[in-house]
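Descriptive structure summary
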Amino acid sequence: MPELRDLYQEVILEHSKAPRNFHELAQSNQKAEGFNPLCGDHFTVYVNVDGDSIQDIGFQGSGCAISKASASMMTQAVKGKSKAEAKELFDTFHKLVTTGEANGDRDDLGKLAVFSGVSEFPVRVKCATLAWHTLQAALEGKQEKISTE
Amino acid sequence: MNTVAKSPSTESVRPRSTGASLDVEKIRRDFPILARDVRGKQLIYLDNAATSQKPRVVIDAITRYYEQENANIHRGVHFLSELATSKHDRARQAVRGFINAADVKELIFVRGTTEAINLVAQTYGRVNVGSADEVLITAMEHHSNIVPWQMLCDEKGAKLRVAPINDAGELILDEFAKLLTSRTKIVAVAHVSNALGTVNPLAEIIQLAHKKNIPVLVDGAQAVPHMKVDVQALDCDFYTLSSHKMFGPMGIGVLYGKAHLLEAMPPYQGGGDMISSVTFDKTIYNKLPFKFEAGTPDVAGAIGLGAAIDYLNAIGIDNIAKYEHEVVSYATERLSALSGVRLIGTAKERAGVVSFVIENIHPHDVGTILDQEGIAIRTGHHCAQPIMQRFGIPATARASFAFYNTKEEVDALVNGIIKVQEVFA
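Criteria and thresholds
Residues numbered from 1 in each chain as written. Chains lettered and ligands numbered in written order. Predicted model: local features only at pLDDT ≥ 70, side-chain atom pairs only at ≥ 80, totals over all residues. Pairing = 2+ DSSP bridges. Helix = DSSP H or I, 4+ residues; strand = E, 2+ residues; numbered from the N terminus. Axes fitted to C-alpha atoms, helices over the stretch in contact; angles between N-to-C directions. Contact = placed C-beta atoms within 7 Å. Parallel < 35°, antiparallel > 145°, perpendicular 65-115°, else oblique. Left-handed = near helix turned anticlockwise from the far one by under 90°. Buried ≥ 20, exposed ≤ 12 C-beta atoms within 10 Å, placed from the backbone. pLDDT = per-residue confidence, 0-100. Domains from an automatic or database assignment. Nonpolar A, V, L, I, M, F, W, Y, C, P; charged D, E, K, R; others polar. Right-handed = clockwise from strand over helix to strand, strands pointing away.

We now examine the sheet that holds strand β14 (residues 353-358) of chain B. Residues and elements named next belong to chain B. Strand order in the open sheet made by the four strands is β13-β14-β17-β16, with antiparallel pairing throughout. The sheet terminates laterally at β13 (341-344) and β16 (378-380), the two strands that pair on one side only. Averaged over all pairs of adjacent strands, the angle between their axes in this sheet comes to 30 degrees, without regard to strand direction. Note: β16 against strand β17 (residues 396-400), three bridges, orientation antiparallel. Each bridged residue has a counterpart across the sheet, and for Thr 379 the counterpart in β17 is Ala 397. Set on the sheet, helix α12 (residues 317-336) makes contact with β13, β14 and β17; between it and β14 the angle comes to about 10 degrees. Relative to the sheet, helix α13 (residues 363-372) contacts β14, β16 and β17, its axis offset from that of β16 by approximately 155 degrees.

This brings us to the packing of α12(B) against helix α15 (residues 407-423) of chain B. In helix packing, the relevant descriptors are the interaxial angle and the interaxial distance, both defined with respect to the helix axes. Residue and element names in this part refer to chain B. Across the interface, α12 lies against α15 with an axial gap of 10 Å and an inter-helix angle of 25 degrees. Relative to α15, the element α12 lies roughly parallel. Of the two elements, α12 crosses α15, and the hand of that crossing is right-handed. Note on element contacts: α15 touches α12 through Lys 407, Val 410 and Val 414, opposite Val 327, Tyr 330, Ala 331, Arg 334 and Leu 335.

Quick look at the environment of Ala32(A) now. Residues and elements named next belong to chain A. The topology assignment puts Ala 32 in strand β1 (residues 30-36). A residue is classified by how many C-beta atoms lie within 10 Å of it, and Ala 32, with 23 of them, is buried. When the C-alpha positions of Ala 32 and Ala 65 are compared, they lie 21 Å apart, and in sequence the two are 33 residues distant. Setting aside residues no more than four positions away along its own chain, Ala 32 makes contact with Val 45, Thr 134, Ala 137, Ala 138, Lys 142 and Ile 146.

As a further point, take the confidence of the model for chain B. All names here are of chain B. Residues at a pLDDT of 70 or more form 95% of chain B, whose mean pLDDT is 94. Long-range and interchain partners of residues 1-19, a stretch whose pLDDT sits below 50, account for 22 contacts in this model, where long-range means more than four residues apart. Quick note on the complex model: pTM equals 0.92, ipTM equals 0.89.

With that out of the way, let us pick up the sheet that holds strand β5 (residues 134-138) of chain B. All names here are of chain B. On the basis of which strands lie adjacent, the open sheet formed by seven strands has the order β4-β10-β9-β8-β7-β5-β6 and mixed pairing. Here the strands that pair on one side only, and so sit at the sheet edges, are β4 (107-110) and β6 (159-163). Taking each pair of neighbouring strands and ignoring which way they run, the sheet shows an average axis angle of 20 degrees. Relative to β6, β5 is paired through five bridges, and the arrangement is parallel. Bridge assignment links Glu 134 to a residue of β6, and that residue is Lys 159. Along the sheet, helix α4 (residues 79-99) makes contact with β4, β9 (238-242) and β10 (253-257), crossing β4 at roughly 120 degrees.

A separate point is the domain arrangement of chain B. A common way to report how large an interface is uses the accessible area buried once the components associate. Residue and element names in this part refer to chain B. The assigned domain composition of chain B is domain 1 (10-46 + 316-423) and domain 2 (58-314). Taking only C-alpha atoms into account, the centre of domain 1 sits 28 Å from that of domain 2. Each side of the interface is counted separately: domain 1 has 23 residues, and domain 2 has 21 residues. The set of elements that each furnish at least two residues to the side of domain 1 that touches domain 2 consists of α12, β14 and α14 (385-391). For the side of domain 1 that touches domain 2, the residue count by class is 12 nonpolar, five polar and six charged.

The subject of this paragraph is the interface of chain B and chain A. On the side of chain A, 15 residues touch chain B, which itself brings 16 residues to the contact. Sort the elements by how many residues they give to the side of chain B that touches chain A and α13(B) lands first, with five residues. Classifying every residue of the side of chain B that touches chain A gives six nonpolar, eight polar and two charged.

Residue and element names in this part refer to chain B. Judged by how many residues are buried, β5 sits mostly within the fold: five of five residues are covered. Of the two faces of β5, the one lined by Glu 134, Leu 136 and Thr 138 and the one lined by Val 135 and Ile 137 are each fully buried. Where the polypeptide runs from β5 across helix α6 (residues 147-156) and back to β6, its parallel neighbour, the crossover connection is right-handed. Here three bridges tie β5 to strand β7 (residues 184-190), and the two strands are oriented parallel to one another. What sits directly across from Leu 136, in β7, is Val 187.

Following this line, the structure appears as structure tokens:
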């Protein structure tokens, strides 16, 4: 029986109420839009990429606590990382929210480990990964809107 | 914690029984699923606008059909084929009585309201709507009463016009009247809004349209489970319903159309059953209603729908309407009294639905937390994205009621909402 507090951890609630990097980037050179047509969540992720490095990142939009907190913590986690590192982190994060387990060491995930409870709520996996999918699209320079469906 | 009810005394002063001539505890025992647990809690099912639960008599009718009566209809001389045919016919008679159609030939079995509307758009619409013509709908329609008309308008170069609603979620009748012009070829309007619960003033809408000789299609999916519908008294030209929203099985519904309109319309799909005779040169189409029923129909579904109608008739739709009105009014009152809760859709005339948002909490989170309490509600845009845009919100939480719901379940919903607010406090 999944527990609510496993999903709505304090850190997640705190980020959902006061999301970090929650703004458009003046200097962004890549952006992408993502939405979840089932629940209406909708985010735009802005990145400023210098060579291979994510110099700065911001996001805007609306969504549930899980999607907003995930977007907020993602921006903190990937700032300063290379594109490949961000992709690797997404893969680990994706495994965490779908299976509750991380690839090898949970330390790679840092604070993102608080999302492990999402795996007990399968319908909420899309909420947790929306911003990550959108970031990938921005980094790959995809033009079309990303949908979770 | 700033989330206590403004009037906590409501519960204690309110009588628990409704006084209506309806034995809810007995009715609840008719629905096997209502006895089950969900996530360790007694199920509280408040998602009836999405689909209703099925009484034992409906489940039994379908089982009996497949165990004892199954055969294809209209084609065998053998015993079972005759039995299945007569049962299928009887189901259509039950629908006729339920919505007071003049004749069974005006009732087409389809998969549901969505298919019924597509049928009209693709037959009546394709013949009667041309370039520069207009189709008029309202701002509170379900996607199924928007998209089929959009597809038709795209194909024909016609224009889809949308009559606006006010902040309470009511159709602005004056604006609607202004949009009825010589270019308007059909009006399509919900009887009851699935997202807001608004009951539209059909008598006025139909009168206004008929003054200009414009036919009116009514999407009745959310109305028939809650109130008496009389298609002849309404004088609507088309009326649609879905069995699964009125305690019958999924996969079947009905299109009602006035006989003279159906007679003039081309067929929808070609195939068996919809023909009188076929040669490679020419096919003569079957008479109504079979002209619109190509292929082997969902016989078990029709029989199940017939059983649901018999069940509703035995309880009495007026008793149902009266009882539900009390429960929905109680829900409206209790939810309105919660701080941080805002109702979306506050029309004077409402049925079945209480849609709401909670300050600073996304409906999706509300749905997950209530689910942990065994409470099933719908969260999202309710297949009515334009309504969400109208109210400037991404989604709502929607509690929707049937006659087996109780005031105690409303209390549980209210306690669940308070718990949601505690989690996010």
